[in-house]
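# Geometric and topological summary
One letter stands for each residue in the lines below.
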Amino acid sequence: MRRVLFVQQQPCIRALKYAVGLRTEPDVELGFAYRGGTLSEWYGSGDELFDRWMKLDSRPAAELRQIVDAFRPDLIHSHNLPDELTVAALGVADGRVPVVHDVHDLQSLRRTPYEDGFPEPENPLALEKHAIEGSAGLVAVSSELMEVIRTRHSPPPRTLVFPNFALRRDLPERLPARDVSGHGLPRLVYQGTLATNGGHYDLRELFAAVVESRVTLDVHAARDVPEYARMAEDVPGLTYHSPLEPTELLQVLPRYDFGWAGFNDTLNAAHLDTALPNKVFEYLGCGLPVITLGHRAIKRFVEREGLGIALESPDELDGALAGLDLPAVRQRVAEARGALTVEANIRRLTDFYDSL
């Protein structure tokens, strides 16, 4: 039996993905200690993947000690941000249980706060250092993020790069042929978080610039943002859609030609250079080549694998599409998509657990 306790401020889609993958392995028992809601409350399902759900309230460190004593995990896997729960887990485990710190957003790379509904902790950079250097193992979403961590801290000897792969179980089983009916313009889609706060999800100026090219852009918001709906009424070529359930969205995405993964780097360029977002792998899993900007990790990934294009600015879009062999790129995406899933890579994580 491998008993793993996940610890997190609020459920993250990454935890759901891990749980789906780990359930394909024999003799795994999963617990989740959380502060801000269950997977079903956030994503509509997923609670059934965990054997026990345990709430952390006003005294998370003391409550976490009780949970560890009762659940008796073989390993604790803590997601940031903030990093205070990893630090609390390290204190509770006291070297008796290995703690894995999972970094998909490094606090010291951000100029905007991490919006999770909880107060910003005091001394977040000290927490970051303690969480990274005190853990038995470190997981990061990209090689670029791991490189940055090594320049700022002294991580443990055992590390793993595990990107935000898609879930194979949720992807369309077959990809449709490209529909070239109607206006015939390349159809781009953006799915995910939107904001109006000037941060990396404030994409209003980018969207307006994209549709100045000979393309259309459909926006599927993760949560409704009325400012974008009003914008779409005034901007030709831009269409705003109300939020869909995640599994329903993945059945809709294959009707498009490209997935947009370019972000506003005004405030958080350093963070964006290390990010490999969920949407990149969901686009690819649905057969869509990815269009991004100069964000280092995404650019390196799509160019190295031949799965999309990276632009310096949206002004280059028409020229880049004119020089692209779209059928060949779509074929590469179709051939690669199965290997870019959690299920195809979960043994890398379980082997990492076993090494600890």
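These numbers were taken from a predicted model, which means no experiment stands behind them. (Residues numbered from 1 in each chain as written. Predicted model: local features only at pLDDT ≥ 70, side-chain atom pairs only at ≥ 80, totals over all residues. Heavy atoms only, no water.)

## Looking at the nonpolar core
Across soluble globular proteins, nonpolar side chains have a tendency to be buried as a group. Convention followed: What is meant by a nonpolar core is a set of buried Ala, Val, Leu, Ile, Met, Phe, Trp, Tyr and Cys residues, joined one to another through side-chain atoms within 4.5 Å. Working definition: with a 1.4 Å probe on protein chains only, accessible area under 20% of the residue-type maximum means buried, over 50% means exposed, and in between means partly exposed. Runs of E in the DSSP output that reach at least two residues are strands. Runs of H or I that reach at least four are helices, and both are numbered from the N terminus. When checking whether two residues touch, look at their non-hydrogen atoms; a contact exists if any pair is within 4.5 Å.
In terms of nonpolar packing, the biggest core is built from 82 residues, with Tyr190, Leu194 and Phe207 touching the most fellow members. Among the elements that make up this core, the one with the highest residue count is helix α1 (residues 13-22) (6 residues). When sequence neighbours within four positions are dropped, the list of residues in contact with Leu194 reads Tyr201, Leu203, Phe207, Val219, Ala221, Val225, Tyr228 and Tyr240. Met54, Leu85, Ala88 and Val97 belong to the second largest nonpolar core, which has 18 residues in total.

## Quick word on the sheet that holds strand β12 (residues 290-292)
Backbone-to-backbone hydrogen bonds pair the strands of a sheet. The strands run either parallel or antiparallel. Definition in use: When DSSP locates at least two bridges between a pair of strands, those strands are taken to pair. To define axes, lines are fitted to C-alpha atoms, for helices over the stretch in contact only, and angles between the resulting N-to-C directions are given on a 0 to 180 degree scale.
Taken in spatial order, the 6 strands of this open sheet run β10-β9-β8-β11-β12-β13, and their pairing is parallel. Strand pairing shows two members of the sheet lacking a second neighbour, β10 (238-241) and β13 (308-310), which therefore form its edges. Averaged over all pairs of adjacent strands, the angle between their axes in this sheet comes to 25 degrees, without regard to strand direction. Examined bridge by bridge, strand β8 (residues 187-192) and strand β9 (residues 216-221) share 6 bridges and lie parallel to one another. By the bridge assignment, Arg187 is partnered in β9 with Thr216. Running over the sheet, helix α11 (residues 278-285) touches β8, β11 (258-261) and β12 and is turned about 135 degrees from β8.

## Some points on the sheet that holds strand β3 (residues 52-55)
Taken in spatial order, the 7 strands of this open sheet run β3-β2-β1-β4-β5-β6-β7, and their pairing is parallel. One side of each edge strand has no neighbouring strand; the edge strands of this open sheet are β3 and β7 (158-161). Across the sheet, the mean angle from the axis of one strand to that of its neighbour is 20 degrees, orientation sign disregarded. Pairing analysis gives 4 bridges linking strand β5 (residues 99-103) to strand β6 (residues 137-140), with the strands arranged parallel. Bridging from a neighbouring strand, Val100 pairs with Gly137 of β6.

## Section: the pattern of salt bridges
Basically, it comes down to this: For this document, the term salt bridge refers to a Lys or Arg side-chain nitrogen within 4 Å of an Asp or Glu carboxyl oxygen.
For the coordinates displayed, the defined rule picks out 18 salt bridges. One salt bridge connects Glu144 with Arg300, and the closest N-O pair in it is separated by 2.9 Å. Of this pair, Glu144 sits in helix α6 (residues 143-152) while Arg300 sits in helix α12 (residues 296-305), and the two are 156 residues apart along the sequence. Given a relative accessible area of 5%, Glu144 falls into the buried group. On the basis of relative accessibility, which here comes to 24%, the residue Arg300 falls in the partly exposed class. The salt bridge partner of Glu303 is Lys299, with a shortest N-O separation of 3.2 Å. A residue pair is termed a helical-turn pair when its members lie 3 or 4 positions apart in one helix, as Glu303 and Lys299 do in helix α12 at 4 residues. A single salt-bridge network, built from bridges that share partners, covers Glu25, Arg347 and Asp351.

## Concerning the packing of aromatic side chains
This is how it is decided: Stacked, edge-to-face and tilted are the three classes for Phe, Tyr and Trp ring pairs, Trp counted by its six-membered ring, which pair at centre distances within 6.5 Å; planes under 30 degrees apart are stacked, over 60 edge-to-face, the rest tilted. By definition here, charges over rings are those cases where NZ of Lys or CZ of Arg is within 6 Å of the ring centre and within 35 degrees of the ring normal.
Evaluated as defined, the whole model comprises 15 aromatic pairs. Seen from their ring centres, Phe32 and Phe50 are 5.0 Å apart, and the 75 degrees between their planes marks the pair as edge-to-face. Separated by 18 residues along the polypeptide, Phe32 in strand β2 (residues 28-34) and Phe50 in the loop between α2 (39-43) and β3 bring together distant segments of the chain. As far as burial versus exposure is concerned, Phe32 and Phe50 are alike and both buried. Note on Phe162 and Phe165: the rings are 5.2 Å apart at their centroids and 85 degrees apart in plane angle, and the pair reads as edge-to-face. Each member of the aromatic cluster is reached from another via a ring pair, and the members are Phe6, Tyr18, Phe32, Tyr34, Phe50, Trp53, Phe162, Phe165, Phe281 and Phe301. Residue placement shows Arg3 over the ring face of Phe71; its charged tip is 5.8 Å from the ring centre.

## A word on the packing of α6 against α12
Rules: Note that the term roughly parallel is reserved for angles under 35 degrees, roughly antiparallel for angles over 145, roughly perpendicular for angles of 65 to 115, and oblique for everything else. Here the term charged refers only to Asp, Glu, Lys and Arg, the term nonpolar to Ala, Val, Leu, Ile, Met, Phe, Trp, Tyr, Cys and Pro, and the term polar to all other amino acids, Gly among them.
The interhelical angle for the contact between α6 and α12, taken along N-to-C directions, is 140 degrees, at an axis separation of 8 Å. Considered as vectors, α6 and α12 are oriented oblique to each other. Residues Ser143, Glu144, Glu147 and Val148 of α6 lie in contact with α12, whose contacting residues are Arg296, Ala297 and Arg300. Looking at side-chain class alone, the contact of α6 with α12 contains 2 nonpolar, 1 polar and 4 charged residues.

## Quick notes on a negative patch on the surface
Let me state the cut-off plainly: Patches were defined on residues exceeding 30% relative accessible area and lacking a salt bridge, with like-charge contacts within 9 Å and nonpolar side-chain contacts (Val, Leu, Ile, Met, Phe, Trp, Tyr) within 5 Å. All accessible-area figures derive from a Shrake-Rupley calculation using a 1.4 Å probe, and residue coverage is judged against the displayed protein chains alone. Asp and Glu count as negative and Lys and Arg as positive, but His and the ends of the chain are not part of the count. The atoms used to mark charge sites are NZ of Lys, CZ of Arg, CG of Asp and CD of Glu.
Taken together, the side chains of Glu212, Glu312, Asp315 and Glu316 make up a negatively charged region of the molecular surface. Relative to the helices and strands, Asp315 is located in the loop between β13 and α13 (317-322). The exposure class assigned to Asp315 is exposed, which follows from its relative accessible area of 67%.

## Let's talk about unusual backbone geometry
Glycine aside, the phi torsion of most residues is negative, and most peptide linkages are trans. Positive phi, normally seen in glycine, also occurs at Asp27, with a value near 55 degrees. Mapping Asp27 onto the fold places it in the loop between α1 and β2. Of note, the phi angle at Asp94 is positive, near 50 degrees, even though the residue is not glycine.

## Comments concerning the side chain of Asn345
Residue placement: Asn345 occurs in helix α15 (residues 342-355). Beyond its immediate stretch of four places on either side in the chain, Asn345 contacts Phe162, Phe165 and Ala339.

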